[in-house]
Amino acid sequence: MIPAAVLVLAAAVVAVLQFRPFWPAARGPAGNSARLAGLAGRIVAVTAAGGLVLSDPDGAHVTRAMGNVGEMVTGAPDNRSLALLNGQVITVRHGPALALASSSVPLSSETTTAWPDPFADHERAIVMLQDFGAQSQSSSNPISVVSLATGRAVSLGVGDQVAGDPQAAGAFVSVVAPPSPTAVSVPGSAEPDSEIVLRDAGRPPVLLATAATLNSDLGYARSLPASLDPVPSPSGSEVAVAVRPQGASVTGIVILNRTGQILGRALTPFGTQGIPAWSPSGRSLAYLAGVDGGGTPELRIWTIGRPAVTSVLPGSVLPASAQSAAGTGYGVCIWSPDGMSVLCGVGGGWAIAKAAGGRMAAVHGPGSPVAWLPAPGSP
């Protein structure tokens, strides 16, 4: 359910908001200067209070961008737009500056965007869920794709995990598979087999894969229940599926094309944490993987056909008192516009790595990172 205060505030913001100082700059620890040199652009982040701020990649020059918009904000593949949980869209203008976009998406306390990939049809539409608010009911959530220009909604059926299709008005959907020779369930298990389906408005649905076939491809029993999380590439030509078999210590990521052909696979010992993030070129994936003994996770950059490049993330850059308030978990990762660096949320701070590998830099970031905007004047 979306708080009414958020809806009222979002509807009231109709002009470009001027930036002003938010709090003193907080740079990373000494010794990071060389590793942070050459990083350009501005980071959009959500604060613990639900406001949007911008800062340099090193955490400096923080400015307020927008008031309380809630904690669930996601960027479009090209970072020209941001989506709020209620379906409102924020556009990125030159400067950069943020403004609430003109949108015909109806506001409702019963609908939410498909997080974290709601944009569809070259950012001309957004995927919405009628959220019942309970995980046990998620497989029956009604899904629709809504035109930002007209507000016209087209039903896409029901499903669980949902990601907008960058190429068309539709979505990649994880759903409970109907009984069939390739859709099996474990007797006594509450989690039946799932499947990944591409559903575009006005076109027949395309079954890309089932949990059974993906389990088999990763070396697991076909009957093992598994959750499937689709993450489309920026172009929508591929979709990465995070496959998490029940009770397995090794999960996997499988990349499919739009017909279901497997293009690549990667095993991730001790599990993936968070959602994989595509590079701007769509050639590589960044994801966090656990380590043996529950130590600090690793950042892995995987390009299909090549071994993954690994960087160990630093510990939290915040003192213990701040960690308890901001949380100590590792969150979302975002790519720089040139695809040369990756920034990940680190328990209230940030960690930055070069895509080619090497030591990471710890930064006092001002919130949870959402998007990495190019420097003014960049193409």
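Everything numeric here is computed off the predicted structure, so don't read it as measured data. Counting starts from 1 at the beginning of each chain's written sequence and moves along it residue by residue. Thresholds applied to this predicted model are a pLDDT of at least 70 for local features of residues and 80 or more for the giving and counting of side-chain atom pairs; totals over whole chains, interfaces and linings are not thresholded and use all residues. Side-chain figures throughout are based on the complete set of non-hydrogen atoms in the structure, without hydrogens or water.

(A) Here's a closer look at the overall build of the protein. Secondary structure counts use DSSP, requiring at least four H or I residues in a row for a helix and at least two E residues in a row for a strand, with both numbered from the N terminus. Regarding its fold elements, the protein presents four helices and 29 strands. Considering the protein as a whole, with its 379 residues, one finds that 51% of them fall into the buried category. Throughout, a residue-residue contact means that at least one pair of heavy atoms, one from each residue, lies within 4.5 Å. Long-range pairs, those at least 24 residues apart, make up 49% of the contacts in the protein with a sequence separation of at least 6. Carbon together with sulfur atoms contributes 56% to the accessible area of the protein, which is approximately 16,300 Å² in total. A 1.4 Å probe rolled over the protein chains alone gives each residue an accessible area, and that area as a share of the maximum for its type sets the label: buried under 20%, exposed over 50%, partly exposed in between. All accessible areas in this document rest on Shrake-Rupley with a 1.4 Å probe, and a residue is counted as covered only by the protein chains that are shown.

(B) Expanded view of the pairing of strand S18 (residues 238-245). Of all eight residues making up S18, seven are buried, and the element is well covered by its neighbours. Pairing of strand S17 (residues 226-232) with S18 involves seven bridges; the strand directions are antiparallel. Paired with Asp229 across the strands is Ala242, a residue of S18. Strand pairing is assigned whenever DSSP identifies at least 2 bridges connecting the two strands. Taken together, S17 and the strand that follows it, S18, pair antiparallel across an intervening segment of five residues, in which Gly236 is found at a positive phi of about 80°. Alignment of S18 against strand S19 (residues 250-257), held across six bridges, turns out to be antiparallel. Considered in S19, the bridge of Glu238 is made with Asn257.

(C) Here's a closer look at the nonpolar core. In this text, buried Ala, Val, Leu, Ile, Met, Phe, Trp, Tyr and Cys residues form a nonpolar core when linked through side-chain atoms within 4.5 Å. Membership of the largest hydrophobic core comes to 16 residues, with the highest contact counts inside it found for Val44, Leu52, Val73, Leu82, Ile90, Leu98 and Val370. Contributing elements (two or more residues each) for this core: strand S1 (42-46), strand S2 (51-55), strand S3 (63-68), strand S5 (81-84), strand S7 (97-100) and strand S29 (368-373). In terms of residues, this core owes the most to one element, S29, which gives three residues. Apart from residues no more than four positions distant in its own chain, Val73 is found in contact with Val46, Leu52, Leu82, Ala83, Leu84, Trp115 and Val370. Core analysis: the next-biggest nonpolar cluster, separate from the first, contains 15 residues, Phe172, Ala209, Leu214 and Val243 among them.

(D) Molecular detail of the environment of Ile255. Among the structural elements, Ile255 can be located in strand S19. Using a relative accessible area of 1% as the deciding quantity, one classes Ile255 as buried. The spacing of Ile255 and Ala266 is 11 residues in sequence and 8.9 Å in space, taken between C-alpha atoms. When near neighbours in sequence (up to four residues on either side) are disregarded, Ile255 contacts Glu238, Val239, Ala240, Gln261, Ile262, Leu263, Gly264, Trp278, Leu285, Trp302 and Ile304.

(E) Fine view of the state of the cysteines. Only a pair of cysteine sulfur atoms within 2.5 Å counts as a disulfide in this structure description. Overall, the coordinates contain one disulfide when judged by the stated rule. Between Cys333 and Cys344 runs a disulfide, and the two sulfur atoms are separated by 2.1 Å. On the sign convention where negative is left-handed, the bridge of Cys333 and Cys344, at about 105° about the S-S bond, is right-handed. Residue Cys333 is located in strand S25 (residues 330-335), and its partner Cys344 is located in strand S26 (residues 341-346); the two are separated by 11 residues in the primary sequence. For Cys333, a relative accessible area of 6% corresponds to the buried category. Classification of Cys344 as buried rests on a relative accessible area of 0%.

(F) Representation of the confidence of the model for the protein in the model. As a per-residue measure, pLDDT reflects the predictor's confidence and takes values from 0 up to 100. Of all residues in the protein, 74% have pLDDT values of 70 or greater, and the mean over the chain is 78. Across the protein, element-level confidence peaks in strand S9 (residues 119-120) with a mean pLDDT of 96 and bottoms out in helix H1 (residues 4-12) with 34. The model gives residues 133-137 a pLDDT under 50, and that stretch makes two contacts with residues more than four places away or in other chains. Every residue in residues 179-191 is under pLDDT 50, and counting partners more than four places away or in other chains gives 18 contacts.

(G) Spotlight on the pattern of salt bridges. Basic side-chain nitrogens of Lys or Arg form a salt bridge, by our definition, when they fall within 4 Å of a carboxyl oxygen of Asp or Glu. In the structure shown here, the tally under the stated rule is nine salt bridges. Across the salt bridge formed by Asp200 and Arg258, the nearest N and O atoms sit 3.2 Å from each other. Of this pair, Asp200 sits in strand S15 (residues 194-200) while Arg258 sits in the loop between S19 and strand S20 (262-269), and the two are 58 residues apart along the sequence. Taking the relative accessible area as the measure of exposure, Asp200 reaches 7% and is therefore buried. A salt bridge links Arg265 to Asp217; its shortest N-O distance comes to 2.5 Å. Taken together, the residues span a long stretch of sequence, with Arg265 in strand S20 and Asp217 in helix H3 (residues 211-217) at a distance of 48 residues. The exposure class assigned to Arg265 is partly exposed, which follows from its relative accessible area of 44%. When salt bridges with common partners are traced through the structure, they connect Asp165, Asp200, Arg203 and Arg258 into a single cluster.

(H) The pairing of strand S11 (residues 141-147), seen in detail. Of all the seven residues making up S11, five are buried; the element is thus mostly covered by neighbouring parts of the structure. Two elements, strand S10 (residues 125-130) and S11, share five bridges in a ladder whose sense is antiparallel. The partner of Ala125 across the bridge, within S11, is Ser147. The sheet contact formed by S11 and strand S12 (residues 153-159) spans five bridges and is antiparallel. When the bridges of S12 are listed, Val145 appears paired with Val154. The turn linking S11 back onto S12 is made up of five residues, and Gly151 within it adopts a positive phi angle of 80°.

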